[in-house]
Amino acid sequence: MPGGNPLEIRVRARLQDLRDGGLFRTLRPPSGVDLSSNDYLNLSTDPRVVEGFLTGAAREGCGSTGSRLLRGDRASFSAIERRFAQFKGVERALLLSSGYLANLAVLTTLPEAGDVIFSDERNHASLIDGIRLSRARAVVCPHGDVRALAGLMDSVTVAGVKFVVLESLYSMDGDIAPLAEYAAVCRASGAVLIVDEAHAVGVYGARGSGLIEAAGLDPDACVSVNAAGKALGVAGAFVAGAAWAVDYLVQRARPFVFSTAPPPAVADALDASLTIIVGEPRRRERLLARSAYLRKRLRRDGLGVPDGVTQIVPVVIGDNDRAVAVARTLQAEGFDVRAIRPPSVPRGTARLRVSLNAALSEATLDGFAEALGAALSRGGLCSAVSS
């Protein structure tokens, strides 16, 4: 478009590149059987959680009207933070409006110039962005490789503080980080461990507080970020850890200080959610049983799925356009599963991210497996590829 706005010309060209590469994304509301959300325990629609939200909205109104340090604070926020800290087994917790903001808050406040952050190569975008904004030096580590991390930590000169940043459960591969081993490396080197428990909190551990609990770690020995919009079924995220760390975030974390507080009703809904998680462990058990069932069924059908036990089952297809085509076929069959493409996953590993929830039946999963096999065959793929 000669003579046009330079920004428009550049953006239109970039959009066309995305279309040509099979990477153009569209918005699609939920429809059919849920195999793509993070509502692992089906708490977003549980009547008790909904009632909690309605009760909070009736009492406090819809919006918080300001940041927590101005007029946006509420007694319900402090109460749910105390309850989550007890649930997590830590001294303090702090509620922010989203997991993205929570990761930015931690990583732009605790690390500083002169520090070094050792980051797993498959960390979420919010962790990566927080690291970029931290002014600390970043060292990217091979995924899940504790020995490689230890070697890098020995070889890198650090004037300030060392941080190790990882996810406890990776959202695209569905694999679990060896947290106990990472914690041991951090203890030996004096490094600070930061763990994103986004896809683990609510599902793992005897209380359901996450993989830090399941690994037997001292939760106050690390800083964790715990999404409240996934298994907890509501919204926001808790940063949890030692009191000194949370106190410092309240003072200095720009995503907390300069953001409007969450709607107050979120706190009431989360209170109901935590009551259900603690009191109904069968939900968590049923979720993981469904994962084991689907993985076994897909392998029986000759479909390549990685080893694992989690509620996230990746079906790697490889080609971007084929992944989208298979997803559309399954959506037409009534199964809401989405194609995941770069940059969310490495180039050449476009996939279906099958995300399970506790309400799914074995019969529904059988139907999905059959539809998936047929869709792959029609797409010229006899099976998915191993990741």
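Structure shown above.
Rules behind the numbers
- Residues numbered from 1 in each chain as written.
- Predicted model: local features only at pLDDT ≥ 70, side-chain atom pairs only at ≥ 80, totals over all residues.
- Heavy atoms only, no water.
- Helix = DSSP H or I, 4+ residues; strand = E, 2+ residues; numbered from the N terminus.
- Rg over C-alpha atoms; globule rule 2.2 N^0.38 Å.
- Buried < 20%, exposed > 50% of the residue type's maximum accessible area, 1.4 Å probe, protein only.
- Contact = heavy atoms within 4.5 Å.
- Areas by Shrake-Rupley, 256 points an atom, 1.4 Å probe, with all protein chains shown as cover.
- Lys, Arg positive; Asp, Glu negative; His and termini not counted.
- Charge placed at Lys NZ, Arg CZ, Asp CG, Glu CD.
- Pairing = 2+ DSSP bridges.
- Axes fitted to C-alpha atoms, helices over the stretch in contact; angles between N-to-C directions.
- Parallel < 35°, antiparallel > 145°, perpendicular 65-115°, else oblique.
- Nonpolar A, V, L, I, M, F, W, Y, C, P; charged D, E, K, R; others polar.
- Core = buried A, V, L, I, M, F, W, Y, C linked by side-chain atoms within 4.5 Å.
- Left-handed = near helix turned anticlockwise from the far one by under 90°.
- Salt bridge = Lys/Arg side-chain N within 4 Å of Asp/Glu carboxyl O.

Enquirer: Honestly, the overall build of the protein in this entry has me stumped. Any pointers?
Expert: Regarding its fold elements, the protein presents 14 helices and twelve strands. At 22 Å, the protein has a C-alpha radius of gyration in line with the 21 Å of a compact globule built from 387 residues. In terms of its C-alpha atoms, the protein occupies a principal-axis envelope of roughly 55 × 55 × 50 Å. Looking at the protein residue by residue over its 387 residues, the buried ones come to 51%. Expressed as a percentage of contacts within the protein between residues at least 6 apart in sequence, the contacts between residues at least 24 apart total 71%. Counting only carbon and sulfur atoms, one obtains 54% of the accessible surface of the protein, whose full area is about 17300 Å². Separation between the mean location of the 44 positive side-chain charges and that of the 41 negative ones in the protein comes to 3 Å.

Enquirer: I keep staring at the sheet that holds strand S7 (residues 222-227) and nothing clicks. Help me out?
Expert: Working definition: the strands of a sheet are paired by backbone hydrogen bonds and lie parallel or antiparallel to each other. The strand order across the open sheet built from seven strands is S2-S8-S7-S6-S5-S3-S4, with neighbouring strands paired in mixed fashion. Each end of this open sheet is capped by a strand with a single partner; those strands are strand S2 (92-96) and strand S4 (137-141). Each strand axis lies, on average, 20 degrees off the axis of its neighbour in the sheet, ignoring direction. As paired elements, strand S3 (residues 116-120) and strand S5 (residues 162-167) share four bridges and run parallel to each other. Each bridged residue has a counterpart across the sheet, and for Ser119 the counterpart in S5 is Val165. Along the sheet, helix H3 (residues 75-88) contacts S2, S7 and strand S8 (237-241); its crossing angle with S2, the most-contacted strand, is approximately 125 degrees. Along the sheet face, helix H6 (residues 146-155) touches S3, S4 and S5 and points at about 150 degrees away from the line of S4.

Enquirer: I'm lost on the sheet that holds strand S11 (residues 339-340) in this one. Help?
Expert: Spatial strand order, S9-S12-S11: three strands in an open sheet with antiparallel pairing. Only two strands of the sheet have a single partner each, and these edge strands are strand S9 (312-318) and S11. Summarising the sheet, S9 and strand S12 (residues 350-355) pair through six bridges and their orientation is antiparallel. Residue Gly318 lies in a different strand from S12, and its bridge partner there is Ala350. In the packing of helix H12 (residues 281-300) onto the sheet, contacts are made with S9 and S12, and the angle to S9 comes to roughly 30 degrees. Strands S9, S11 and S12 of the sheet are contacted by helix H13 (residues 320-332), whose axis makes an angle of about 35 degrees with S12.

Enquirer: How do you make sense of the packing of helix H11 (residues 265-279) against H12 when you look at a structure like this?
Expert: Between two packed helices, what matters for the description is the angle formed by their axes and the separation of those axes. Interaxial distance between H11 and H12 falls to 5 Å at its minimum, and their mutual angle equals 70 degrees. The orientation of H11 relative to H12 falls into the category roughly perpendicular. Only Pro281, Arg283 and Arg284 of H12 make contact with H11, whose side of the interface consists of Ile276, Ile277, Val278 and Gly279. Split into classes, the residues belonging to the contact of H11 with H12 amount to four nonpolar, one polar and two charged.

Enquirer: Would you explain the nonpolar core in this entry?
Expert: What tends to happen in soluble globular proteins is that the nonpolar side chains get buried as a cluster. Within the largest apolar cluster, 87 residues are counted, with the highest numbers of intra-cluster contacts made by Val164, Leu330 and Leu372. Ranked by residue count, the leading element in this core is H11, at eight residues. Once residues within four sequence positions are removed from consideration, Val164 is found in contact with Phe118, Leu149, Met153, Tyr182, Cys186, Ala191, Val192, Leu193 and Ile194. In terms of nonpolar packing, the next biggest core, distinct from the first, is built from 25 residues, Leu94, Leu110, Ala253 and Val257 among them.

Enquirer: Whenever I open this one, the packing of H12 against helix H14 (residues 362-378) confuses me. Can you help?
Expert: Interhelical geometry of H12 versus H14 gives an angle of 30 degrees and a closest axis separation of 10 Å. One element, H12, and the other, H14, form an angle in the roughly parallel class. Of the two elements, H12 crosses H14, and the hand of that crossing is right-handed. Between H12 and H14, the contacting residues are Arg290, Tyr293, Leu294, Arg297 and Leu298 on the first element and Glu362, Leu365, Asp366, Phe368, Ala369, Glu370 and Leu372 on the second. A breakdown of the residues in the contact of H12 with H14 according to their chemical character gives seven nonpolar, no polar and five charged.

Enquirer: Whenever I open this one, the pattern of salt bridges confuses me. Can you help?
Expert: Two side chains bearing opposite charge may form a pair once their charged atoms approach each other closely. Scanning the model with the defined rule gives 25 salt bridges in all. Its salt-bridge partner being Asp268, residue Arg59 comes within 2.9 Å of it at the nearest N-O pair. Of this pair, Arg59 sits in helix H2 (residues 47-60) while Asp268 sits in helix H11; the two residues are 209 residues apart in sequence, bridging distant segments of the chain. As a salt-bridge pair, Lys88 and Glu197 come within 2.8 Å of each other at their nearest N and O atoms. Placement of Lys88 in helix H3 and of Glu197 in the loop between strand S6 (192-196) and helix H8 (211-214) is noted, with a sequence separation of 109 residues between them. Take Lys88 and Glu197: they sit in the same class, and that class is buried. Put simply, Arg297, Arg300, Asp301, Asp366 and Glu370 are held in one network by salt bridges that share partners.

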